[in-house]
Amino acid sequence: AQSVTQPDIHITVSEGASLELRCNYSYGATPYLFWYVQSPGQGLQLLLKYFSGDTLVQGIKGFEAEFKRSQSSFNLRKPSVHWSDAAEYFCAVAPLFRGTASKLTFGTGTRLQVTL
Amino acid sequence: SAVISQKPSRDICQRGTSLTIQCQVDSQVTMMFWYRQQPGQSLTLIATANQGSEATYESGFVIDKFPISRPNLTFSTLTVSNLSPEDSSIYLCSSKGPTYEQYFGPGTRLTVT
């Protein structure tokens, strides 16, 4: 079955530490891949996206993500976390259908807590 | 990126009534989407709204319960009808960007009593 999985429901890191949030997908062809962040009481903000090309993509707020086809993964990383990064992070995929993609399917989300 | 606003930002409604949520985009877009986010959960797509055609609903969502209008390329409304406590959620609209990403509004928090 087609799916997107975020294995970690909740992660706690210390401010200044590095961060990696995991995302795995299961689709016949590589979908378009996205990471979004949702701060409490807010909508979703696009952090970064991957369609093709360089497998390491840079996003906003110092985030990056690496696409690994062999592992069907698109993990989000940040070298040094700030307290303001505490939020819910969603991985999303847009499966290709007849060469185009429209609908997003979201993972279950990872809640990031940052300790000072 | 598109800037999206939603009204109202939150509301408390009585069981059996309806709530209409407005979504305004600051530029013309072909595709708009409506999502539901139940408490502590991820986002679930309700329907896709294209201007000039009927909305396309996802499995488990029906037009009688979630009627959608899309009168032009910058505006859409979602009505949640015959409210029950199970409809208490955040409802978000989004628009499709030029390269398949979506941009989201701030959401409408609905509480049904």
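Chemist: Tell me about the overall build of chain B, residues and numbers included.
Modeler: Helix and strand counts for chain B stand at zero helices and eleven strands. Reading chain B from its N end, one meets helices and strands in the order β-β-β-β-β-β-β-β-β-β-β. In terms of overall dimensions, chain B is globule-like: its C-alpha atoms have a radius of gyration of 13 Å, near the 13 Å expected for 113 residues. With respect to the three principal axes, the spread of C-alpha positions in chain B is 40 × 25 × 20 Å. Taking all 113 residues of chain B together, 54% fall into the buried category. Sequence-distant contacts in chain B: of pairs separated by 6 or more residues, those separated by 24 or more amount to 52%. Charged side chains of chain B number 8 positive and 8 negative; the gap between the two group centres comes to 6 Å.

Chemist: Please give an account of the confidence of the model for chain A that cites residues and values.
Modeler: Close inspection of predicted coordinates is inappropriate in any region flagged by low pLDDT. Residues with a pLDDT of 70 or more make up 95% of chain A, whose mean pLDDT is 91. Put simply, strand β1 (residues 3-5) of chain A is where chain A has its lowest mean pLDDT, 90, and strand β3 (residues 19-21) of chain A is where it has its highest, 98.

Chemist: Account for the pairing of strand β5 (residues 32-38) of chain A, naming residues and giving values.
Modeler: Residues and elements named next belong to chain A. Within β5, seven of the seven residues are buried, leaving the element largely enclosed by the surrounding structure. The alternating pattern of β5 places Y32, F34, Y36 and Q38 and L33, W35 and V37 on opposite faces, both of which are buried. As defined by bridge partners, β5 adjoins strand β10 (residues 87-94) across seven bridges and the pair is classed as antiparallel. If you follow W35 over to β10, its bridge partner there is C91.

Calculation notes
Residues numbered from 1 in each chain as written. Chains lettered and ligands numbered in written order. Predicted model: local features only at pLDDT ≥ 70, side-chain atom pairs only at ≥ 80, totals over all residues. Heavy atoms only, no water. Helix = DSSP H or I, 4+ residues; strand = E, 2+ residues; numbered from the N terminus. Rg over C-alpha atoms; globule rule 2.2 N^0.38 Å. Buried < 20%, exposed > 50% of the residue type's maximum accessible area, 1.4 Å probe, protein only. Contact = heavy atoms within 4.5 Å. Lys, Arg positive; Asp, Glu negative; His and termini not counted. Charge placed at Lys NZ, Arg CZ, Asp CG, Glu CD. pLDDT = per-residue confidence, 0-100. Pairing = 2+ DSSP bridges.

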